[in-house]
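# Structural features, examined
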Amino acid sequence: MAKLKREKIVPHLKQKKVLALYRAAGKVFSIQDFIKKFSSTLAPHERVTIAESLKLFPAQGSRLFAHPLTSNPGIGISRERSSAIAIGSRSAFITKRHIKLKGCRPIPDLHFPHEQLDFGAQEMLTQKIQFGSLTAENTMREILAFCFFKKHGIRVLHAPVAVFEYVFKNRSLGFCLVSLSPTETRLEADEDYFGLSIADLLSIRLVEKELGVKSSLPAEVGFKGVGQWWYANEKGKLLVSMNFNGGFRGILNSNLGNDLVHQRKLYICDFDTFRVLKMPTKPSEKFICGFCLWSIIELLKSSPFILEYADTRKLAQSRISAELWSIYKKNSSLWQSYHGYFFAEVRKRGWSVQKFEKAIEHVASSKVFSEMILDNLLNPKLLAETYKPELSFYVPQFM
Amino acid sequence: MKRKRPIWRKFFEKTLARVDLKPIEPIVSQHIHTLQKQSVVDPRMSLKDFVRARR
């Protein structure tokens with residue numbers, strides 16, 4: 001794939017806080033009708049999970065919308081009365097109605113990179129997707145995740161109620177998932193970095209090392225008003241339950257920005273790259289390796305930042321990820337919680353603890369792991385290899 | 001604009017009130033300077049903004 005240039009995409013990412021909504025050309029699908037038309041985008045065993053859960057969606061569909069709504073005036077036909085709050089770069093939340101429109105901002109001919117790690121693969125694949133909306137498969141994967149969470153009794157916050165398909169100049173611009181959501185306030189909004197700059201953190205840790213003392217700076221980033229161990233325990237339990245039933249969010253969705261706390265319960269959201277593995281009763285070594293790689297990569301991507309600085313300048317390339325991994329494991333309360341629940345599940349199933357331990361250490365030697373672990377704590381390689389911060393795709397998900 | 005007192009000093013003042021940081025400051029400065037030369041990122045950038053820019 002030709003490399004997508006950050007400079008071309010970044011100017012389109014920012015939205016106004018309050019968005020006007022416009023009527024767009026296209027179609028409104030009920031969830032049942034959408035499933036009938038697009039379930040072939042999923043694997044056969046994933047379709048079974050959906051088929052078992054059809055009763056979760058009304059047969060007549062939702063009467064909430066007569067026509068698609070968009071936040072992009074460029075493809076809008078007429079202005080609607082309602083407005084919405086921007087969520088990230090492509091979604092909106094109609095606060096009064098508790099309705100989330102995920103992917104309601106398609107921009108014709110603008111594409112966005114999509115990173116994927118196939119099961120058993122050691123390297124990520126980058127593809128390009130339409131910017132601002134969802135593909136049919138992305139939308140089906142969101143619906144699949146909802147069915148999967150309900151089936152396994154795992155908490156889920158967003159309930160899909162309809163799908164918009166946008167049509168512009170006789171061509172489909174993709175889909176928007178309409179969900180009911182009690183809140184969109186993300187936990188990320190309360191992340192606490194203690195006002196530190198990069199240099200402050202570096203200085204604290206260097207001075208500590210030189211003097212052989214410890215300051216009162218915590219080991220990892222926390223959230224204001226949320227207990228660190230409560231968070232780690234709830235999230236570790238939730239992720240292990242999802243993973244050991246075969247559910248994985250994929251790299252793009254495994255983002256700390258997708259954590260929410262509602263009525264004192266922790267939720268995760270965003271499942272457009274969600275996949276379900278067929279879980280064997282007796283896993284092969286190949287399966288164990290693939291399973292551990294997916295689990296660890298998603299956990300790293302979703303972990304609070306470790307407030308440490310690893311001076312890896314004198315280390316050989318092959319030693320850098322081992323050093324970062326060791327510091328991460330020692331300091332991440334999420335890792336410690338996840339690890340505990342993970343091995344409790346392995347033992348419960350009568351699987352070999354030794355094989356899983358070996359596979360987890362094997363994961364640390366993969367290329368994808370060495371790329372991902374760089375972002376979990378401050379280190380010279382991360383600072384040297386990063387892009388300019390102003391070219392980041394990051395847009396806050398919270399209001 | 002004059003920069004506020006670095007927060008890491010506050011941490012140290014709480015826990016290490018009697019420690020003299022002066023002898024260590026050149027080591028820290030040199031380290032930051034080396035990294036500054038190798039990176040497109042300004043070390044004075046807020047850690048929160050940097051971590052989020054990498055998400």
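Only a predicted model underlies this, so the values are computations on that prediction, with no experimental measurement involved.

What follows concerns the sheet that holds strand β9 (residues 159-168) of chain A. Residues and elements named next belong to chain A. Strand order in the open sheet formed by eight strands is β2-β9-β10-β6-β5-β4-β1-β3, and the pairing between neighbours is antiparallel. Edge strands, defined here as strands with exactly one partner in the open sheet, are β2 (26-30) and β3 (69-70). The strands touched by helix α2 (residues 31-38) within the sheet are β2 and β9, with β2 carrying the most contacts at an inclination of about 100 degrees. Contacts from helix α4 (residues 136-151) reach β9 and β10 (171-180) within the one sheet, and its direction differs from that of β9 by about 175 degrees.

Taken together, the contacts link 33 residues of chain B with 33 residues of chain A. Put simply, the parts of the chain that give the side of chain B that touches chain A at least two residues each are α1 (7-15), α2 (25-38) and α3 (47-53) of chain B. Element by element, the count of residues in the side of chain B that touches chain A is highest for α3 of chain B, at seven residues.

Right, let's get into unusual backbone geometry. Residues and elements named next belong to chain A. Phi is positive for D109, close to 65 degrees, though the residue is something other than glycine. Position of D109 among the secondary structure elements: in the loop between β6 (99-102) and β7 (111-116). Not every positive phi belongs to a glycine, and D270 is a case in point at roughly 80 degrees. Mapped onto the secondary structure, D270 falls in the loop between β15 (265-268) and β16 (275-276).

Residues and elements named next belong to chain A. One can describe the packing of helix α3 (residues 44-52) onto α4 by two numbers: an axis separation of 9 Å at closest approach and a directional angle of 65 degrees. When the axes of α3 and α4 are compared, the pair comes out roughly perpendicular. Between α3 and α4 lies a crossing whose hand is left-handed. Along its contact with α3, which presents E46, T49, I50 and E52, the element α4 presents I143, L144, C147, F148 and K151.

A few words on the domain arrangement of chain A. All names here are of chain A. If you check the domain split of chain A, you get domain 1 (22-180) and domain 2 (187-391). Each of domain 1 and domain 2 has a C-alpha centre, and the two are 28 Å apart. On the domain 2 side, the residues contacting the 24 residues of domain 1 number 27 residues. Breaking the side of domain 1 that touches domain 2 down by element, the ones donating at least two residues are α3, β7 and α4. Counting residues per element, the side of domain 1 that touches domain 2 draws most heavily on α4, at six residues.

What counts, and at which threshold
Residues numbered from 1 in each chain as written. Chains lettered and ligands numbered in written order. Predicted model: local features only at pLDDT ≥ 70, side-chain atom pairs only at ≥ 80, totals over all residues. Pairing = 2+ DSSP bridges. Helix = DSSP H or I, 4+ residues; strand = E, 2+ residues; numbered from the N terminus. Contact = placed C-beta atoms within 7 Å. Axes fitted to C-alpha atoms, helices over the stretch in contact; angles between N-to-C directions. Parallel < 35°, antiparallel > 145°, perpendicular 65-115°, else oblique. Left-handed = near helix turned anticlockwise from the far one by under 90°. Domains from an automatic or database assignment.

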